[in-house]
Amino acid sequence: MAVAAPVPDLADRATDCADRLREAGRVLLASHIDADGITSAAIASTALARAGIDHEVVFEKQLDADSIAGIAAREFDVVCFTDFGSGQLDAIADHEERGDFVPVIADHHQPADRDTRYHLNPLLEGIDGASELSGAGASYLLARALEGPDGDNRDLAALAVVGAVGDMQDSDGGLVGANESIVADGVDAGVLEARTDLDLYGRQTRPLPKLLEYASDVTIPGISNDEVGAISFLTDLDVDVKRDGEWRRWVDLDAEERRTLASALMRRAVASGVPSDRVEALVGTSYTLVDEEPGTELRDVSEFSTLLNATARYERGDVGLAVCLGDRGDALAEARRLLRTHRQNLSEGLQWVKTEGVTHEEHLQWFDAGSRIRETIVGIVAGMAVGSPAVDRSKPVIAFAEESAEELKVSSRGSHGLVRRGLDLSAVMREASRAVGGDGGGHDVAAGATIPTEERDAFLAEADRIVGEQLS
Ligand SMILES: [Mn+2]
């Protein structure tokens, strides 16, 4: 029996969407405000501009009935939604029926019950939208379908990879599935390089001791979260870790020096009792944007996506978009300033948690930051707390922050060790929030929810019970 390859079907959908966009006089491009959404917008906007299609870009933090009505009020004939739209098709289809606009959707999230004609989503073709294609990847397929006779859009694969990594689709050490074909396009087009490398954040910009000290994915006793330990590990190596009195960065090392450092780090991890799957996680595929200047955050895909997320968290999607579109002047300076502010806020947030401490329940620990920590970063602070001596590593952390007058944002973080023992925070967040009239979900090691403010204690009791069951 012949089985049709899934990607050609996606390409057909992309062609359909592209044809409709070409017919439109003007297009409103609406995108989600995060790294994946910003790169989605940059890819679609570039492709529309190259195809000579007049358009404007708008970002939304959340696509709901109100924001969709706001979009309809802009009176564009065609609205292209990227990195969201599928999940909101119930509301979008109402507007479509009323003739408010024709939606064209490039998304990778779970579609709602209703469908629409111009709908590009990997889940509709049996491709996993969580790990094989991101919003930026869907937008990239759309961009390829928009290509004219004057040149192809394969250079946009670089941004598609930034988006996929921004959505953590490389969490198993590299990109897979449809994402891998996009990587291949970027390599062919000469804009991207993929290689096996030490998988720590900050290879381009962090001085070596900070690279090791701040590495949070894999915890190595005596090095992670340990400035003195990281420095003594480095100075014991047979590698010149300083040049002219300054710490070198990973990007400054040659291949031999990198091998020496990486293998010493892995030996140290093994000797410190780090489980073998975590030791393996120290190595992964790194993606480099070869046209960007070495030693800048734009050169490394994961640092680039962090920079974009910083603009998004402070509602400056316009700044992130300008950087993606090539602005290396004011927009890049502003993005870097936002990233510095962001790191400052994280460190103040973590300090606040350390000072105030956490409250222990039987199976979990929690803190309520109120308005002291922005709801957009409280999850990251909770994750940093998990790796710090401020909390008990044998229990997950649940963090609350004010989302609005009526709602609390809940973020939860666990450890890989707890996940191995059965912890699934995605289920905890979903079930406990639904039990109190909220909603949530995510990943086993990190998940979130939104709940009515007055339900905090009821939510905690339910979450504590579920975690207890999972870990028993
Ligand atoms: Mn996304």
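Scoring rules and cut-offs
- Residues numbered from 1 in each chain as written.
- Predicted model: local features only at pLDDT ≥ 70, side-chain atom pairs only at ≥ 80, totals over all residues.
- Heavy atoms only, no water.
- Helix = DSSP H or I, 4+ residues; strand = E, 2+ residues; numbered from the N terminus.
- Rg over C-alpha atoms; globule rule 2.2 N^0.38 Å.
- Buried < 20%, exposed > 50% of the residue type's maximum accessible area, 1.4 Å probe, protein only.
- Contact = heavy atoms within 4.5 Å.
- Areas by Shrake-Rupley, 256 points an atom, 1.4 Å probe, with all protein chains shown as cover.
- Lys, Arg positive; Asp, Glu negative; His and termini not counted.
- Charge placed at Lys NZ, Arg CZ, Asp CG, Glu CD.
- Donors = N, O, S within 2.8 Å, 3.2 Å for Na, K, Ca; no water.
- 1 Å grid on protein atoms, 1.4 Å probe; cavity = no way out; pocket = protein on both sides within 12 Å on 5 of 7 lines; lining within 4 Å.
- Points joined across faces, edges and corners; volume = space filled by probe spheres on them.
- Nonpolar A, V, L, I, M, F, W, Y, C, P; charged D, E, K, R; others polar.
- UniProt positions renumbered as here; feature names shortened; annotations may be inferred.
- Domains from an automatic or database assignment.
- Pairing = 2+ DSSP bridges.
- Axes fitted to C-alpha atoms, helices over the stretch in contact; angles between N-to-C directions.
- Arc of directions from axis to C-beta.
- Parallel < 35°, antiparallel > 145°, perpendicular 65-115°, else oblique.
- Left-handed = near helix turned anticlockwise from the far one by under 90°.
- Phe/Tyr/Trp six-rings, centres within 6.5 Å; stacked < 30°, edge-to-face > 60°.
- Lys NZ or Arg CZ within 6 Å of the ring centre and 35° of its normal.

Draft legend 1. Fine view of the overall build of the protein chain. When its secondary structure is counted, the protein chain shows 18 helices and 15 strands. Taking 23 Å as the expected radius of gyration for a compact globule of 472 residues, we find that the protein chain reaches 23 Å, a close match to that expectation. Seen through its principal axes, the protein chain has C-alpha atoms that stretch 65 × 55 × 55 Å. The buried share of the protein chain, reckoned over its 472 residues, is 51%. Across the protein chain, the fraction of contacts at a sequence separation of at least 24, relative to all contacts at a separation of at least 6, is 65%. When the accessible surface of the protein chain is totalled, it reaches about 20500 Å², and 45% of it is carbon and sulfur. Each charge class in the protein chain was averaged separately, 46 positive and 86 negative side chains, and the resulting centres sit 5 Å apart.

Draft legend 2. Inspection of the coordination of the manganese ion at higher detail. Protein ligation of the manganese ion involves Asp 36 (OD), Asp 83 (OD), His 108 (NE2) and Asp 167 (OD), the donor distances falling in the range 2.1 to 2.4 Å. When its relative accessible area of 1% is taken as the criterion, Asp 83 is described as buried.

Draft legend 3. Region of interest: empty space enclosed by the protein. Scanning all chains against the criterion turns up one cavity of 30 Å³ or more. By volume, the largest cavity amounts to about 40 Å³. Looking at the largest cavity, the residues that line it are Leu 200, Leu 212, Ala 215, Val 218, Ile 220, Ile 223, Ser 224, Leu 265 and Leu 282. Considered class by class, the residues forming the lining of the largest cavity number eight nonpolar, one polar and no charged.

Draft legend 4. Quick look at the UniProt feature "domain: DDH" (unreviewed entry) in the protein chain. According to UniProt, the feature "domain: DDH" (unreviewed entry) maps to residues 27-161 in the numbering used here. In residues 27-161, helix accounts for 36% and strand for 19%; the two terminal C-alpha atoms are 25 Å from one another.

Draft legend 5. The layout of surface pockets, seen in detail. In this structure, the second largest pocket encloses a volume near 290 Å³. Lining the second largest pocket we find 17 residues, and of these Asp 155, Ala 158, Leu 159, Glu 292 and Cys 324 sit closest to its centre. Of the residues belonging to the lining of the second largest pocket, the class tally is 10 nonpolar, two polar and five charged. Each of domain 1 (8-186) and domain 2 (198-345) contributes no fewer than three residues to the lining of the second largest pocket.

Draft legend 6. Spotlight on the domain arrangement of the protein chain. Here the protein chain is partitioned into domain 1 (8-186), domain 2 (198-345) and domain 3 (357-471). Between the C-alpha centres of domain 1 and domain 3 the distance comes to 31 Å.

Draft legend 7. Representation of the sheet that holds strand β14 (residues 439-442). Pairing is mixed across the open sheet formed by six strands, whose spatial order is β10-β11-β12-β13-β15-β14. Pairing within the sheet leaves two strands with one partner each, and these edge strands are β10 (359-360) and β14. By the bridge criterion, six bridges tie strand β12 (residues 397-402) to strand β13 (residues 407-413) in an arrangement that is antiparallel. By the bridge assignment, Phe 400 is partnered in β13 with Val 410. Taken strand by strand, helix α15 (residues 378-386) contacts β11 (365-368), β12 and β13, and its axis lies near 30° from that of β13.

Draft legend 8. Quick peek at the sheet that holds strand β1 (residues 26-32). The parallel open sheet is built from five strands, whose spatial order is β2-β1-β3-β4-β5. Whereas interior strands pair on both sides, the edge strands pair on one side only; in this sheet they are β2 (54-60) and β5 (118-120). Across the sheet, the axes of successive neighbouring strands diverge by a mean angle of 20°, strand direction being ignored. Of the strand pairs in this sheet, β1 and β2 are connected by seven bridges, and their pairing is parallel. Each bridged residue has a counterpart across the sheet, and for Arg 26 the counterpart in β2 is Asp 54.

Draft legend 9. A look at helix α4 (residues 89-97). Listed as buried for α4 are Leu 89, Ile 92, Ala 93 and His 95. Along the long axis of α4, the arc covered by the buried residues comes to 155°, so they all point the same way. At its buried positions, α4 is contacted by α3 (65-72), β3 (78-82), β4 (102-106) and β5. Just past α4, the residue Gly 99 takes up positive phi, approximately 80°.

Draft legend 10. Highlighting the packing of helix α2 (residues 35-50) against helix α6 (residues 157-166). The interhelical angle for the contact between α2 and α6, taken along N-to-C directions, is 160°, at an axis separation of 7 Å. Considering the angle they form, α2 stands roughly antiparallel to α6. Every pair of crossing elements has a handedness; the one defined by α2 and α6 is left-handed. Where α2 abuts α6, its residues Ala 35, Asp 36, Thr 39, Ala 42 and Ile 43 lie against Leu 159, Ala 160, Val 162, Gly 163, Ala 164 and Gly 166.

Draft legend 11. Structural view of the packing of aromatic side chains. Following the criterion strictly, the structure yields five aromatic pairs and no others. Seen from their ring centres, Phe 81 and Phe 101 are 6.0 Å apart, and the 55° between their planes marks the pair as tilted. Here the residue Phe 81 occupies a position in strand β3, and Phe 101 occupies one in the loop between α4 and β4, the gap between them amounting to 20 residues. Of the two residues examined, Phe 81 and Phe 101, each falls in the buried class. Following the ring pairs from residue to residue traces out a cluster consisting of Phe 81, Phe 84 and Phe 101. One Lys or Arg, Arg 26, reaches over the ring of Phe 76 and ends 4.0 Å from the middle of that ring. Stacked on the ring of Trp 247, the Lys or Arg Lys 242 has its end atom at 4.8 Å from the ring centre.

Draft legend 12. How the structure looks around the pairing of strand β15 (residues 446-452). In terms of residue burial, β15 counts as a mostly covered element, since five of its seven residues are buried. Pairing between β13 and β15: seven bridges, direction antiparallel. Bridging across to β15, Val 410 finds its partner in Ala 449. Note that β14 and β15 share four bridges and pair antiparallel. Within β15, the position partnered with Gly 442 by the bridge is Ala 447. Following β14, the chain reverses through three residues before pairing antiparallel with β15.

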